[in-house]
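The residues making up each chain are set out below.
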Amino acid sequence: MTSAASPHLTGGLNTLVIRGRVDADRAELTPRGELVHGCADVLARTLDELPPGVTRVELDMADVHFMDTAGLQFLDVLGDFRRRRSLTVTVTNWNGQPRRILELAGLDTADPLAGPDTKGPDGHGADTLGADTQDPALSTSAVALERAERLHVLQEEVAQLRQAIASRPVIDQARGILMATHGCTSEQAWHILRETSQLSNTKLRDVAAAVTASAEADGPAPPAALRTALQTAIARRRKG
């Protein structure tokens, strides 16, 4: 049993593939790829294919390496399925950036279907007033404000991640140019770009774009400040 996503602008075909197997009354699903636009539809198709005798669904998220706000829709589909079928659903092994997104969204990374994470920084329950001493209206307002703030942080981080993904091709091109021109390794080329960015106070993507443009026929040379920083970074790498 396998379901796959349609083409998406963040990657090629199959940004999300869900493989699974059914053992008696238990279904084990293994999503692989990205939780982006369309991931909820892929999941819904997969769940619809499960036999009616299934009473437990287990998702292992270890192979999901990227997630934006569409991942929250993915969880909503799971939650709705669990309620409709009255069965047990677990979503475990969140790692890396997807785990960070769950944290920013205020969800429990061990069981995001359980709802907002109410643990405090020490791992215990959050320090709140009892229901009999706290104004419900104030409580609701505070929760709404906290969720709005978390959502804002989440949206900013996702935007930064998308920008980083969009910048990768030009950065990879610049690394290749440096490797071919100066006989350095891929890692050394990366350090040269990063150090040039720091020395010239220029965004890494702009440094990479300048290097790439200068390698083209009749391409413009990098600005003087950037060129000086690049030469310094290359010289340091050679000494290192």
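Rules and cut-offs
- Residues numbered from 1 in each chain as written.
- Predicted model: local features only at pLDDT ≥ 70, side-chain atom pairs only at ≥ 80, totals over all residues.
- Heavy atoms only, no water.
- Axes fitted to C-alpha atoms, helices over the stretch in contact; angles between N-to-C directions.
- Helix = DSSP H or I, 4+ residues; strand = E, 2+ residues; numbered from the N terminus.
- Parallel < 35°, antiparallel > 145°, perpendicular 65-115°, else oblique.
- Left-handed = near helix turned anticlockwise from the far one by under 90°.
- Contact = heavy atoms within 4.5 Å.
- Nonpolar A, V, L, I, M, F, W, Y, C, P; charged D, E, K, R; others polar.
- Buried < 20%, exposed > 50% of the residue type's maximum accessible area, 1.4 Å probe, protein only.
- Arc of directions from axis to C-beta.
- Core = buried A, V, L, I, M, F, W, Y, C linked by side-chain atoms within 4.5 Å.

Further remarks concern the packing of helix H5 (residues 186-200) against helix H6 (residues 204-214). One way to put it is that H5 packs onto H6 with a least axis distance of 9 Å and a crossing angle of 115 degrees. The pairing of H5 with H6 is recorded here as roughly perpendicular in orientation. Relative to H6, the crossing made by H5 is right-handed. Residue-level contacts link Trp190, Leu193, Arg194, Thr196, Ser197 and Ser200 of H5 to Leu204, Val207, Ala208 and Val211 of H6. Taken together, the residues of the contact of H5 with H6 break down into six nonpolar, three polar and one charged.

Three or more residues of helix H1 (residues 39-48) are buried, namely Cys39, Ala40, Val42, Leu43, Thr46 and Leu47. Within H1, the buried residues cover an arc of 160 degrees as seen down the axis, which keeps them to one side.

Here we come to the nonpolar core. Ranked by internal contacts, the top residues of the largest apolar core, which has 31 residues, are Leu35, Val57, Leu59, Phe74 and Leu78. Secondary-structure elements contributing two or more residues to this core are strand S2 (16-23), strand S3 (26-35), H1, strand S4 (56-60), strand S5 (63-67), helix H2 (70-85), strand S6 (88-92) and helix H3 (96-104). Considering every element that reaches this core, the biggest residue donor is H2, with five residues. Residues within four places of Phe74 in sequence aside, it is in contact with Leu16, Ile18, Pro31, Leu35, Cys39, Ala40, Leu43, Leu59 and Met61. Ile192, Ala208, Val211 and Ile234 belong to the second-largest nonpolar core, a separate cluster that totals 16 residues.

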